[in-house]
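Read off the chains here:
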Amino acid sequence: MIIAVFAFTALDAVAKHLVQDHHTLQVVWARYFFQVLWAVILLGPRLRTLMKTKYIGMQLLRSSFLFGATMFFFFGLNWMTLSDITAIFEVAPLLITAFAFIFLKEKVGPRRWFGVIIGMIGAMIIIRPGSEVFSLTSLIPMAAAACYAAYAISTRVLGQEESPWTSFLYTALIGTIIASCFVPFYWTQPSPSAVGFMILMGLIASIGHYCLILAFRLSEASFLAPFGYLSLLFSTAWGFFLFYELPTIYTVIGGTIIAGSGLYVWYRENQTDGTIINEASALPK
């Protein structure tokens, strides 16, 4: 699980490097295309079996939500530091709690609602609406988090009916198809080093998803979920060593509040045998 979280933050760091010289949609396309390429190489003999699904509509829906999360997150990398955007995106598990109540009619007690509200306050501390540093771009990671929460809820609806490898393949394939519809309008010829980073991005995404699937096969989601908040530390480290970024005091305070409230909601869910998707804290993009 720790390797998976590390891989996903490394993916974000590579994407931030690439969006400096390439349109975001081109980077999103590369992220999905090369993940598909690696999946074909690694799962080749099993592809025909794994591509069989009884729930093509739900696969399309959930994959579209994850594509939206990736697109918004990568767009945010153009203007925000890795620590800022990751900290705000960590409200996704809290949004899942709210969405599960709204769309799945799952029971959410007042203590968990309190945790959700406190987490949102943490996000507002980072975004600082009304201040001179606020801009609409600060809301982009919130949109990414909302898309990811919708993806998690649709995964919850899909349940255990299909192999996680089937969902993995459809997520990458549908993301590639959607991005391919737009990327010709924004394509710029990448340098050989950029192509290398794009291939690396697909490999990192594949490793992250593989480790995530393996982790949830070997252990309970309720045990693994808190490790997802290590992304705050990993992203801060990537930002500092690669992009010379330091988190502001507002990011540190807000991120701590978000992580703390998320852990509290996770604790309450386990105390009450909640069924909300705990693995959302892994936050794959």
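Residues numbered from 1 in each chain as written. Predicted model: local features only at pLDDT ≥ 70, side-chain atom pairs only at ≥ 80, totals over all residues. Heavy atoms only, no water.

## A closer look at the packing of helix 1 (residues 2-19) against helix 2 (residues 24-43)
Phase 1: Direction vectors running N to C along helix 1 and helix 2 enclose 140°, while the axes themselves pass 9 Å from each other. The pairing of helix 1 with helix 2 is recorded here as oblique in orientation. As for the relative orientation of helix 1 and helix 2, their crossing is right-handed in sense. Residues L11, A15, L18 and V19 of helix 1 pack against T24, V27 and R31 of helix 2.
Phase 2: Grouping the constituent residues of the contact of helix 1 with helix 2 by class yields five nonpolar, one polar and one charged. (Axes fitted to C-alpha atoms, helices over the stretch in contact; angles between N-to-C directions. Helix = DSSP H or I, 4+ residues; strand = E, 2+ residues; numbered from the N terminus. Parallel < 35°, antiparallel > 145°, perpendicular 65-115°, else oblique. Left-handed = near helix turned anticlockwise from the far one by under 90°. Contact = heavy atoms within 4.5 Å. Nonpolar A, V, L, I, M, F, W, Y, C, P; charged D, E, K, R; others polar.)

## Considerations on the pattern of salt bridges
Phase 1: According to the stated counting rule, one finds two salt bridges in the structure shown.
Phase 2: Measuring nitrogen to oxygen at the nearest pair gives 3.5 Å for the salt bridge that ties K16 to E245. A residue pair is termed long-range when its members are at least 10 positions apart, and K16 in helix 1 and E245 in the loop between helix 12 (230-243) and helix 13 (249-271) qualify at 229 residues.
Phase 3: According to the relative accessible area criterion, E245 is buried, its value standing at 12%.
Phase 4: A salt bridge links E106 to R156, with the shortest nitrogen-to-oxygen separation between them at 3.1 Å. With E106 in the loop between helix 6 (92-103) and helix 7 (110-127) and R156 in helix 8 (residues 140-158), this residue pair connects regions lying 50 residues apart in the sequence.
Phase 5: On the basis of relative accessible area, R156 is assigned to the partly exposed category, the value being 31%. (Salt bridge = Lys/Arg side-chain N within 4 Å of Asp/Glu carboxyl O. Buried < 20%, exposed > 50% of the residue type's maximum accessible area, 1.4 Å probe, protein only.)

## Quick word on helix 9 (residues 164-182)
Phase 1: Over its 19 residues, helix 9 extends 28 Å from the first C-alpha to the last, a length consistent with the 27 Å expected when each residue adds 1.5 Å.
Phase 2: Those residues of helix 9 that sit buried are W165, T166, S167, F168, L169, Y170, T171, A172, I174, G175, T176 and A179.
Phase 3: Lining the buried residues of helix 9 we find helix 2, helix 3 (47-50), helix 4 (56-76), helix 8 and helix 10 (192-218).
Phase 4: With a side-chain oxygen lying 3.1 Å from the backbone nitrogen of W165, the N-terminal cap of helix 9 falls on S163. (Expected span 1.5 Å × (residues − 1). Polar contact = N/O pair within 3.5 Å; in protein donor to acceptor, adjacent residues only side chain to side chain.)

## Brief notes about the nonpolar core
Phase 1: With 56 residues, the main nonpolar core has F74, L77, Y148 and M201 as its most contacted residues.
Phase 2: Of all the elements, helix 8 adds the most residues to this core, at nine residues.
Phase 3: Discounting residues that sit within four places of it in the chain, M201 has contacts with L11, V14, A15, L18, V27, A30, R31 and F74. (Core = buried A, V, L, I, M, F, W, Y, C linked by side-chain atoms within 4.5 Å.)

## Some remarks on the environment of P110
Phase 1: Mapped onto the secondary structure, P110 falls in helix 7.
Phase 2: Residue class for P110 comes out exposed when judged on its relative accessible area of 69%.
Phase 3: Residues P110 and G228, 118 residues apart in the sequence, show an inter-C-alpha distance of 24 Å.

## Concerning the packing of aromatic side chains
Phase 1: Enumeration according to the criterion identifies 16 aromatic pairs in this entry.
Phase 2: Plain terms: the ring middles of W29 and F33 are 4.7 Å apart, the flat faces sit at 10° to each other, and that makes the pair stacked. Taken together, the residues span about one helical turn, with W29 and F33 both in helix 2 at a distance of four residues.
Phase 3: When the centroid spacing of 5.3 Å and the interplanar angle of 45° are considered together, the rings of Y148 and Y151 count as tilted. Residue Y148 and its partner Y151 are located together in helix 8, separated by three residues, close to a single helical turn. (Phe/Tyr/Trp six-rings, centres within 6.5 Å; stacked < 30°, edge-to-face > 60°.)

## Notes on the packing of helix 5 (residues 82-89) against helix 12
Phase 1: Packing of helix 5 against helix 12 brings their axes to within 8 Å, and their N-to-C directions diverge by 165°. In terms of orientation, helix 5 lies roughly antiparallel with respect to helix 12. In the crossing of helix 5 with helix 12, the sense of the turn from one axis to the other is right-handed. Note on element contacts: helix 12 touches helix 5 through S231, L232, S235, T236, W238, G239 and F243, opposite L82, S83, T86 and A87.
Phase 2: Tallied by class, residues from the contact of helix 5 with helix 12 come to five nonpolar, six polar and no charged.

## Examining the confidence of the model for the chain
Phase 1: Averaged over all residues, the pLDDT of the chain is 89; the fraction at 70 or higher stands at 93%.
Phase 2: This model gives residues 275-281 a pLDDT under 50, and the stretch forms 30 contacts once residues within four places in sequence are excluded. (pLDDT = per-residue confidence, 0-100.)

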